[in-house]
Amino acid sequence: TRSTRPQRMLKAVQKNATKGNPESVISAIDYFCKNSEWAMNVGDEKGSILDSVVTEVNPSTVLELGTYCGYSTVRIARLLSPGTKLITLEFNPAYAAVARQIIAYAGLQDKVTLVEGPSSELIPQIKERFGITTFDFIFLDHWKDRYLPDIKLFEECGLLRKGSVLLADNVICPGTPEYLEYVRNSPHYESRYYPAHLEYTKVEDGLEKSVFLG
Ligand SMILES: O=C(NC/C=C/[C@H]1O[C@@H](n2cnc3c(NCCO)ncnc32)[C@H](O)[C@@H]1O)c1cc(-c2ccc(F)cc2)cc(O)c1O
Ligand SMILES: [Mg+2]
C-alpha cells in the first residue's frame, strides 16, 4: 500500500539529515515541505519565533499538544537546558510512531517523553504520572477547536503558575477565534501576537504568546 506523507517525511530525514544533528533534521523537513510535499509543521519562519520564546523562557517544565511528526518537538528539545525534558501528547499512533523515529534521529529521545493519547484525558493525569506541579512553557499546535477547552483544563488542574507561558500556533490560519478572544480578554492572561505566515506559504498566520498572571 502507498506510504503516508509522514512516512515519506521520515524517509527524507533519514536520507538527507545527519544522525544526532537536530539542525540537519529541521532543515531536511523544511526542504521536504518546500520542495516535495507541504505538511503542517510549524515551519522555519514561525519556528524561529518559537525558538526565541523558548530561549527567553528557558523552561524547566515543557508541554506540547499535537506532536504530529515531531518537527516542533525537535525545535524545542534542542534548546532545553541539560536535564530538562519535554512532554508531548499525540493521539494518532501512526503519527506518534513517525515522530519517535524523527526525534530519535535527531538524538533527542532522552529529552522527550512522547505520550500517546488525547490531551483531554491526559492533561488531568500529568501531575501524578509525571510528577509535574506546573508548566513553565506550553506549545499548542493540535486541533484548533481544542485550544480553548484545553487551556481551561490547565487552569482547572492547577498546571499553570504566575508567569507560565503559552504559545499557540495557527491563531489566524486555520484560526482559533474562541481561544484568541479568551486569552486577549481574560484578566488572567497578558497576550501578544507575533505576525508571520502559514508554514511554507505567503498566507498570513501567526503565533499568540499568552502569559498566565495567576
Ligand atoms: O490542523 C492543524 N493542526 C492540527 C494538528 C493535529 C496533530 O495533533 C494531533 N492531535 C490533535 N488533537 C489532539 C489531542 N487532543 C484533542 C482531543 O482531546 N490530543 C493529542 N493529539 C492531538 C493530531 O493527531 C495531529 O498529529 C494545522 C493545519 C494547518 C493548515 C493550514 C492551512 C491549510 F490550508 C491546511 C492546513 C496548519 C497548521 O500549522 C496546523 O497545525
Ligand atoms: Mg500548526
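Heads up: the structure comes first, above all this text.
Residues numbered from 1 in each chain as written. Chains lettered and ligands numbered in written order. Predicted model: local features only at pLDDT ≥ 70, side-chain atom pairs only at ≥ 80, totals over all residues. Heavy atoms only, no water.

**Student:** I'd like a description of the coordination of the magnesium ion (ligand 2), backed by residues and values.
**Tutor:** Around the magnesium ion (ligand 2), the protein supplies Asp141 (OD), Asp169 (OD) and Asn170 (OD1) as donor atoms, at distances of 2.0 to 2.2 Å. Each donor residue of the magnesium ion (ligand 2) belongs to the same chain, with the gaps between them written as D-x27-D-N. In this pair, Asp141 is assigned in the loop between strand E4 (137–140) and helix H8 (147–156) and Asp169 in the loop between strand E5 (165–168) and helix H9 (171–175), connecting sequence segments 28 residues apart. For Asp141, a relative accessible area of 14% translates into the label buried. When its relative accessible area of 0% is taken as the criterion, Asp169 is described as buried. (Donors = N, O, S within 2.8 Å, 3.2 Å for Na, K, Ca; no water. Helix = DSSP H or I, 4+ residues; strand = E, 2+ residues; numbered from the N terminus. Buried < 20%, exposed > 50% of the residue type's maximum accessible area, 1.4 Å probe, protein only.)

**Student:** Describe in detail the nonpolar core, supporting the description with residues and values.
**Tutor:** Met9, Ile29, Ile76, Ile102 and Phe137 are the most contacted members of the largest nonpolar core, which totals 44 residues. The contacts of Met9, once residues within four sequence positions are left out, are Ile29, Phe32, Cys33, Ala39, Asn41, Tyr68, Cys69 and Ile102. If you look at the next biggest cluster of nonpolar residues, it comprises 28 residues, including Leu63, Val115, Leu148 and Leu159. (Core = buried A, V, L, I, M, F, W, Y, C linked by side-chain atoms within 4.5 Å. Contact = heavy atoms within 4.5 Å.)

**Student:** Outline a nonpolar patch on the surface, listing residues and values.
**Tutor:** A contiguous nonpolar surface patch, about 430 Å² in accessible area, is contributed by Trp38, Met40, Phe91 and Trp143. With relative accessibility at 35%, the residue Trp38 sits in the partly exposed group. (Patch = residues over 30% accessible without salt bridge, like charges linked within 9 Å, V, L, I, M, F, W, Y side chains within 5 Å. Areas by Shrake-Rupley, 256 points an atom, 1.4 Å probe, with all protein chains shown as cover. Salt bridge = Lys/Arg side-chain N within 4 Å of Asp/Glu carboxyl O.)

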